[in-house]
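What follows is the residue order along each chain.
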Amino acid sequence: MDKLSREEVLHVAHLGKLYLNEEEIEKYKIQLKQIMDEVNKIKNLDIKESDFLVSPSDNINIYSNHEIKQVDREKILSNSCNRDGSFIGVRWYNND
Amino acid sequence: MTNYLDLSLIEINNKLKNREIKPIDLVMECFSKIENNEDLNCFITLNKEEAIKKALELENKEVDNILFAIPIAIKDNIITKGLKTTCGSNMLNNFIPTYDAYVINKINNCNMIVIGKTNMDEFAMGSSNQTSYFGCVLNAWNKSKVSGGSSGGSAVSVSSRIVPFALGSDTGGSIRQPSAFNGIVGLKPTYGRVSRYGLVSFASSLDQIGPMSRNVLENSMLLNCIVGKDNNDLTSCEKDSEDFSRLIGEDIKGIKIAIPNFYVNDNINEDIKSNFNNVVNILKNKGVNVDYVDIDYIEYSVPLYQIIALAEASSNLARFDGIRYGYCTDKKINNADELYKYNRGEGFGEEVKRRIMIGSYVLSGDNVQEYYYKALSIRKIISDGFSNLFKNYDYIIGPTTTTLPYNIGEGQNDAVKSFFDDLLTIPVNMAGLPAMSLPIGINNNLPIGMQIICNKFEEAKIYKLASFIEKELNLNLDPRGDLNE
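Please read all numbers here as calculations on a predicted model, not as lab measurements. (Residues numbered from 1 in each chain as written. Chains lettered and ligands numbered in written order. Predicted model: local features only at pLDDT ≥ 70, side-chain atom pairs only at ≥ 80, totals over all residues. Heavy atoms only, no water.)

Draft legend 1. Just the packing of aromatic side chains, in detail. Residues and elements named next belong to chain B. Following the criterion strictly, the structure yields 15 aromatic pairs over all chains and no others. Ring plane angle 55 degrees and centroid distance 5.0 Å describe the contact between Phe-123 and Phe-320, whose orientation is recorded as tilted. Remark: Phe-320 occurs in the loop between helix 9 (301-316) and helix 10 (336-347) and Phe-123 occurs in the loop between strand 3 (113-118) and helix 5 (152-159); sequence separation between them is 197 residues. Of the two residues, Phe-123 and Phe-320, neither departs from the other in class, the shared state being buried. Counting every residue linked through ring pairs, the aromatic cluster contains Phe-95, Phe-123, Phe-320, Tyr-325 and Phe-348. Lying across the ring of Tyr-406, Lys-417 places its NZ or CZ 3.9 Å from the centre. A cation over a ring is seen here: Lys-461 above Tyr-395, with NZ or CZ 5.6 Å from the ring centre. (Phe/Tyr/Trp six-rings, centres within 6.5 Å; stacked < 30°, edge-to-face > 60°. Helix = DSSP H or I, 4+ residues; strand = E, 2+ residues; numbered from the N terminus. Buried < 20%, exposed > 50% of the residue type's maximum accessible area, 1.4 Å probe, protein only. Lys NZ or Arg CZ within 6 Å of the ring centre and 35° of its normal.)

What follows is the structure in structure tokens.
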């Protein structure tokens, strides 16, 4: 098999919450297979090591100070393209 | 146009102290050079108004440190308060951060001047700067070649002498590879040495911010500025402050160096190997002990990276839903799921979507056991392999890249090419080690770089060896040619 099926591509796109157009689906059938062929080299290895290395950091834990930070509400809201006055709107609720 | 920025950092500092030049002279020279080099496409957003304002303010202040009033370019995945930060993506095309990254506070404390935000592969995913929503960055040495990536804009802005410094980020080689492709010095510090607070996350256990500069000494000076413990980053390390340039000039006789056989394998370009072997011979002649060694599983670096980096990326990039900030579709939407999918499907580019899908897949259901956990075990073995080597050796060295800078457009249909571009740089990120790329030669007017790797928190030792090699080779690479001709 030199490419993934349409269903497989749509499945991983769903997992990643991504809309794909028809052209992209065709392209990703081949490209995702190319990457998975590499990734499967790990899957097929016989590894005895049982320990994991999740992060190179040796830190155990860090607690931040409890402090209230003031943020500029106006500047934060201005980054949303769905601003509705003092709120962030979610457009489909408005059924527009 | 003035050329003060061609002077060394120490010379510029002296001129500022003696009031021979003013900060505004440096800033205006930068923007003039940006205009003259517009075709390189190394900046996404300029900070001209604020940079001029700050330069004028600094005229009345005492020149109290070596980086005072020095212009710097910032990779566009490091957030800057009030200055657009796009990550090279349409998703964040209009995003204005409300706070500064830790490193931005540090360079502000030194009174450096931020000139602008540099172009990069989208969300740092790529090794040729061809995945940016804002277009490809051209190589400073040959405009038909790629700049490397993902910190391509940062590398080119330094190489073309627009700015003396830039900050980049390195997840699998994104500082070192474009540094090698453009003939500059780039350092990935030890994981935890520089706070990631305010760096837009790609793969949190691999990402690290680092300095990019014209030469080794100046690189150490920028690292001096940006390190430090930060409680806003869980992985930030508590270390005493140190001068990273303090070992520069010390004798290297008797040091022990390991070269992994994997780093000189048959897949490495012959010209790169030849230049690297030339350096090895210089070191041997100076009384350095060099051995060739093996590291278990290092040949699996690419699939390892594909699993770990992309798994972390799929999780980190889940926050981009286009609701609170970011790209929002204008399509008619029927439910929340559709809204997320259209916002993300239209906001992200091809490479980012490809990587999110692979990352989501390896983390789904039983795949966690088969792929992700297994990759973490191999990561542990490789990291232990490095640790064991450092019991007997001071350094590990090798070429930075497998190829010279290649033609723009090359490999665009090959989904794995960008990963293999980082074949020799990825292992360092897996183990959290510090590593530098520095120029060691030029072939057909294209620069060649080598890597110097040390044990954790031994950056000062890297600068010592790098400075020696830099002095011996005396390359002084400048893509503009010999200005005295």
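That covers the picture; the talk isn't over yet.
Draft legend 2. Examining the sheet that holds strand 1 (residues 43-46) of chain B more closely. All names here are of chain B. The strand order across the open sheet formed by 11 strands is 1-3-2-4-6-5-10-11-9-7-8, and the pairing between neighbours is mixed. Bordering the open sheet on either side are strand 1 and strand 8 (289-293), each of which pairs with just one other strand. When the angles between neighbouring strand axes are averaged without regard to direction, this sheet yields 30 degrees. As judged from the 3 bridges shared by strand 2 (residues 71-75) and strand 4 (residues 165-169), these two strands associate in the parallel manner. By the bridge assignment, Ile-74 is partnered in strand 4 with Leu-167. Helix-sheet contacts for helix 2 (residues 23-36) involve strand 1, strand 2 and strand 3, and the interaxial angle to strand 3 is about 20 degrees. (Pairing = 2+ DSSP bridges. Axes fitted to C-alpha atoms, helices over the stretch in contact; angles between N-to-C directions. Contact = heavy atoms within 4.5 Å.)

Draft legend 3. View of the interface of chain A and chain B. Residue-level contacts link 55 residues of chain A with 78 residues of chain B. Carbon and sulfur atoms make up 64% of the surface buried where chain A meets chain B, a total of about 5,600 Å² over both sides. Summed over the shared surface of chain A and chain B, the number is 4 salt bridges. For Glu-370 of chain B, the salt bridge goes to Lys-43 of chain A, with nearest N and O atoms at 3.5 Å. At the surface where chain A touches chain B, the tally comes to 22 residue pairs in polar contact (both at pLDDT 80 or more). Contributions of two or more residues to the side of chain A that touches chain B are made by helix 1 (6-15), helix 2 (22-43) and helix 3 (73-77) of chain A. At 14 residues, the largest contribution of residues to the side of chain A that touches chain B is made by helix 2 of chain A. Split into classes, the residues belonging to the side of chain A that touches chain B amount to 25 nonpolar, 16 polar and 14 charged. (Buried area = accessible area lost by both parts, 1.4 Å probe. Salt bridge = Lys/Arg side-chain N within 4 Å of Asp/Glu carboxyl O. Polar contact = N/O pair within 3.5 Å; in protein donor to acceptor, adjacent residues only side chain to side chain. Nonpolar A, V, L, I, M, F, W, Y, C, P; charged D, E, K, R; others polar.)

Draft legend 4. Examining the pattern of salt bridges more closely. For the structure on display, the rule yields 36 salt bridges over all chains. For Glu-20 of chain B, the salt bridge goes to Lys-15 of chain B, with nearest N and O atoms at 2.9 Å. When its relative accessible area of 23% is taken as the criterion, Lys-15 of chain B is described as partly exposed. Close ionic contact of Asp-76 of chain B with Lys-117 of chain B constitutes a salt bridge, the shortest N to O distance being 3.1 Å. Taken together, the residues span a long stretch of sequence, with Asp-76 of chain B in the loop between strand 2 and helix 4 (102-109) and Lys-117 of chain B in strand 3 at a distance of 41 residues. Residue class for Asp-76 of chain B comes out buried when judged on its relative accessible area of 0%. Connected via shared salt-bridge partners are Lys-27 of chain A together with Glu-350, Glu-351, Arg-354 and Arg-355 of chain B.

Draft legend 5. Here's a closer look at the side chain of Ser-157 of chain B. Tracing the backbone shows Ser-157 of chain B in helix 5. In contact with Ser-157 of chain B, not counting residues within four places along its chain, are Cys-42, Phe-43, Ala-73, Thr-118, Ile-162, Val-163 and Ala-166 of chain B.

Draft legend 6. Representation of the state of the cysteines in the model. Residue and element names in this part refer to chain B. Taken as a whole, this structure holds 0 disulfides over all chains when the rule is applied. Free cysteine: Cys-30, not disulfide-bonded; nearest cysteine sulfur from Cys-42 at 11 Å. Relative accessible area serves as the criterion here: at 0%, Cys-30 is assigned to the buried category. There is no disulfide at Cys-237, and the cysteine sulfur nearest it, in Cys-454, is 16 Å away. (Disulfide = S-S within 2.5 Å.)

Draft legend 7. Expanded view of helix 3 (residues 48-58) of chain B. Residues and elements named next belong to chain B. What helix 3 keeps buried is the set Ala-51, Lys-54, Ala-55 and Leu-58. Projected down its long axis, helix 3 carries its buried residues within an arc of 105 degrees, all on one side. On its buried face, helix 3 is in contact with helix 2, helix 4 and strand 3. (Arc of directions from axis to C-beta.)

Draft legend 8. Focus on helix 5 of chain B. All names here are of chain B. For helix 5, the tally of buried residues reaches 8 of 8 residues, placing the bulk of the element in the interior. When helix 5 is considered as a whole, its buried residues turn out to be Gly-152, Gly-153, Ser-154, Ala-155, Val-156, Ser-157, Val-158 and Ser-159. Summarising the contacts, the buried residues of helix 5 are in contact with strand 1, strand 2, strand 3, strand 4, helix 6 (176-182) and strand 6 (209-213). Of the residues one or two after helix 5, Arg-161 is the one with positive phi, at around 65 degrees.

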